[in-house]
Amino acid sequence: MNSTAQTHTATLDATTDGPLPTLVKRSRPLTRNTPTLRGRVALVIGASSGIGAATARLLARQGATVVLAARREGPLHALAREIEQRGGHALAVPTDVSDRTAIDALVARTIAACGRLDILVNDAGIGAGHSIMTADARMERMLAVNLLAPARLMQAALPHLRRQGGGSIVNIGSIAGEMGTSGLYSATTFGLRGLTDSVRREVRSDRIAVTLIEPGYIRTPLTAGRRGRMPGPEVVARAVAAVITRPRRTVVMPWYWRIPIILTQLFPGVADRYLPSARGERVRHEDTPAAEVPAETSATEAAETITEQAEEALTL
Ligand SMILES: NC(=O)c1ccc[n+]([C@@H]2O[C@H](COP(=O)([O-])OP(=O)(O)OC[C@H]3O[C@@H](n4cnc5c(N)ncnc54)[C@H](OP(=O)(O)O)[C@@H]3O)[C@@H](O)[C@H]2O)c1
């Protein structure tokens, strides 16, 4: 693939909550229909399904050349074909991001094929139920994929973003990173939050924006066993595209998840009583091995519980 990349100028966007750098060119203001990402190269980790695939589709539609990474070759190549057929540019690079060597090779391949790297979306993630009593091998994998991999990918990408004078990193965390539930999964998302804040401050003067997006329940293969209404992965994809052009520090989405997060911070005692991965979850899933329970279940349902409790308290 020849590089379709153009040079860009990182500018400061005074309309966001702080002078974070953005990729929007001064000469071409952002509008809903402007393909502002034309000429940019976006590396999307976890692009074989769910939020990552939806994000890759949207960034490609907005003009970016997308490099698609995940382990499963079939879905990656199918998505790359779909994007190319719609007139976009995509390159599938099957990669297991729990392997440092594979990460370095992925970034090197991106630069070799596309000539540059402007955007990194860290979306790969795995869960393991609600309890700390998770198999040791599973815990190591969760740490490797959910926390070490984003750190390593940022390390590998940053020299290229710096050399180009700016760029954008978007990490996908979870509301479980705001409310302690779901055992080590929650710990990895708390960790990703701290890491994102720290890296944002470290690279601020390099005009590199670093954003954390924390979704609640989203309809993807990760939540396949869950009943009830959930927004599709496109809502998160739209948030990713939005923060690339108008950087934010943290985005909790959909917005209503901010309510249980704030309640948890305001009333930690109530949260201790109702949030933990806890009895209700254990009772409901007592016959289900921890590794088979979607990781978001406890965080989200616990959030619903605490919201209901708060609503009851307010109406009394
Ligand atoms: N869905 C939700 O309700 C929800 C809520 C909050 C946060 N999140 C977060 O959003 C992110 C995306 O989740 P999703 O809902 O879209 O789930 P998903 O459809 O299961 O996507 C997970 C992605 O991660 C990739 N992945 C897993 N292990 C990998 C590895 N070792 N190397 C490379 N890629 C790997 C998977 O690809 P391969 O299997 O092909 O490797 C897949 O593309 C995750 O970080 C998740 O924690 C999801």
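This structure is a prediction, so every number in the text was calculated from the model and none was measured.

Caption draft 1: Region of the structure containing the overall build of the chain. When you go through the chain residue by residue, the secondary structure sums to 10 helices and 9 strands. Put simply, the chain has 316 residues, and 49% of those count as buried.

Caption draft 2: Summary view of the packing of helix α4 (residues 136–163) against helix α5 (residues 183–203). Packing of α4 against α5 brings their axes to within 9 Å, and their N-to-C directions diverge by 10 degrees. The angle between α4 and α5 places the two elements in the roughly parallel class. In this structure, α4 crosses over α5, and the sense of that crossing is right-handed. Touching Met139, Met142, Leu143, Asn146, Leu147, Pro150, Ala151, Met154 and Leu158 of α4 are Leu184, Tyr185, Thr188, Thr189, Gly191, Leu192, Leu195, Val199 and Val203, all from α5.

Caption draft 3: Looking closely at the site of the ligand. Taken together, 29 residues surround the ligand, and among them Gly50, Arg71, Arg72, Gly125 and Thr220 come closest. With 3 residues, the top contributor of residues to the shell around the ligand is helix α1 (residues 50–61). Each residue belonging to the shell around the ligand can be placed in one class, and the counts come to 13 nonpolar, 11 polar and 5 charged.

Caption draft 4: Just the sheet that holds strand β4 (residues 65–69), in detail. Read across the open sheet, the 7 strands follow the order β5-β4-β3-β6-β7-β8-β9; overall the sheet is parallel. Both edges of this open sheet fall to β5 (89–92) and β9 (250–253), since each of them pairs with a single strand only. Sheet twist, expressed as the average angle between the axes of neighbouring strands with direction ignored, equals 15 degrees. Across 5 bridges, strand β3 (residues 41–45) lies against β4 in parallel orientation. Pairing of valine 41 across the sheet is with threonine 65, part of β4. Against the sheet, helix α3 (residues 100–114) makes contact with β3, β4 and β5, and its axis sits at roughly 155 degrees relative to β4, the strand it touches most. This element, α5, spans β7 (167–172) and β8 (208–215) of the sheet and lies at about 165 degrees to β8.

Caption draft 5: Region of the structure containing unusual backbone geometry. Cis geometry is adopted by the peptide bond preceding proline 254, which originates at methionine 253 and carries an omega value of -15 degrees. Phi is positive for serine 182, close to 65 degrees, though the residue is something other than glycine. For serine 182, a count of 32 C-beta atoms within 10 Å translates into the label buried. Phi at arginine 207 takes a positive value of approximately 60 degrees, unusual for a residue other than glycine. Along the chain, arginine 207 falls in the loop between α5 and β8.

Caption draft 6: The arrangement of the confidence of the model for the chain in detail. Taken over all residues, the pLDDT of the chain has a mean of 82, while the share at 70 or more is 76%. The model gives residues 1–34 a pLDDT under 50, and that stretch makes 67 contacts with residues more than four places away or in other chains. Segment residues 309–316 is flagged for pLDDT under 50; beyond a separation of four residues in sequence, or across chains, it makes 3 contacts in the model.

Caption draft 7: Here's a closer look at α3. Its 15 residues give α3 an end-to-end C-alpha distance of 21 Å, which sits within 8% of 21 Å, the value for a rise of 1.5 Å per residue. Among all positions of α3, only Ile103, Leu106, Val107, Thr110 and Cys114 are buried. One side of α3 carries all its buried residues, which in axial view fall inside an arc of 90 degrees. In this structure, α3 carries Thr101, Ala108 and Ala112 as exposed residues pointing more than 90 degrees from its buried face. Against the buried residues of α3 lie β3, β4 and α4. Just downstream of α3 lies glycine 115, where phi reads positive at about 85 degrees.

Caption draft 8: Focus on the pairing of β3. Counted residue by residue, β3 has 5 buried out of 5 residues, so it is predominantly covered. With burial as the criterion, each face of β3 is covered, one bearing Val41, Leu43 and Ile45 and the other bearing Ala42 and Val44. With α1 bridging β3 and the parallel β4, this β-α-β connection has right-handed handedness. Where β3 and strand β6 (residues 119–122) come together, 4 bridges link them in parallel fashion.

Caption draft 9: Looking closely at the nonpolar core. Formed by 79 residues in total, the largest nonpolar core has its most connected members in Val44, Val66 and Leu68. Examining the composition of this core, we find that 10 residues originate from one element, α4, more than from any other. With residues near it in sequence (within four places) discarded, valine 66 still touches Ala42, Val44, Ala56, Leu59, Ala60, Ile83 and Ala90.

Caption draft 10: Structural detail: helix α7 (residues 258–266). When we look at burial in α7, the residues that qualify are Pro260, Leu263 and Thr264. Burial along α7 is one-sided: seen end-on, the buried residues are contained in an arc of 100 degrees. Facing away from the buried side of α7 by more than 90 degrees, the exposed set consists of Gln265 and Leu266.

Caption draft 11: A look at the packing of α1 against helix α6 (residues 234–245). Closest axis-to-axis distance for the α1/α6 pair is 8 Å, and the angle between their directions is 50 degrees. What the angle tells us is that α1 and α6 run oblique. Remark: the crossing between α1 and α6 carries right-handed chirality. Note on element contacts: α6 touches α1 through Glu234, Val236, Ala237, Arg238, Val240 and Ala241, opposite Ile51, Ala54, Thr55, Leu58 and Leu59. Broken down by class, the residue content of the contact of α1 with α6 amounts to 8 nonpolar, 1 polar and 2 charged.

About the criteria used
Residues numbered from 1 in each chain as written. Predicted model: local features only at pLDDT ≥ 70, side-chain atom pairs only at ≥ 80, totals over all residues. Helix = DSSP H or I, 4+ residues; strand = E, 2+ residues; numbered from the N terminus. Buried ≥ 20, exposed ≤ 12 C-beta atoms within 10 Å, placed from the backbone. Axes fitted to C-alpha atoms, helices over the stretch in contact; angles between N-to-C directions. Parallel < 35°, antiparallel > 145°, perpendicular 65-115°, else oblique. Left-handed = near helix turned anticlockwise from the far one by under 90°. Contact = placed C-beta atoms within 7 Å. Near = placed C-beta within 6 Å. Nonpolar A, V, L, I, M, F, W, Y, C, P; charged D, E, K, R; others polar. Pairing = 2+ DSSP bridges. pLDDT = per-residue confidence, 0-100. Expected span 1.5 Å × (residues − 1). Arc of directions from axis to C-beta. Right-handed = clockwise from strand over helix to strand, strands pointing away. Core = buried A, V, L, I, M, F, W, Y, C linked by C-beta atoms within 7 Å.

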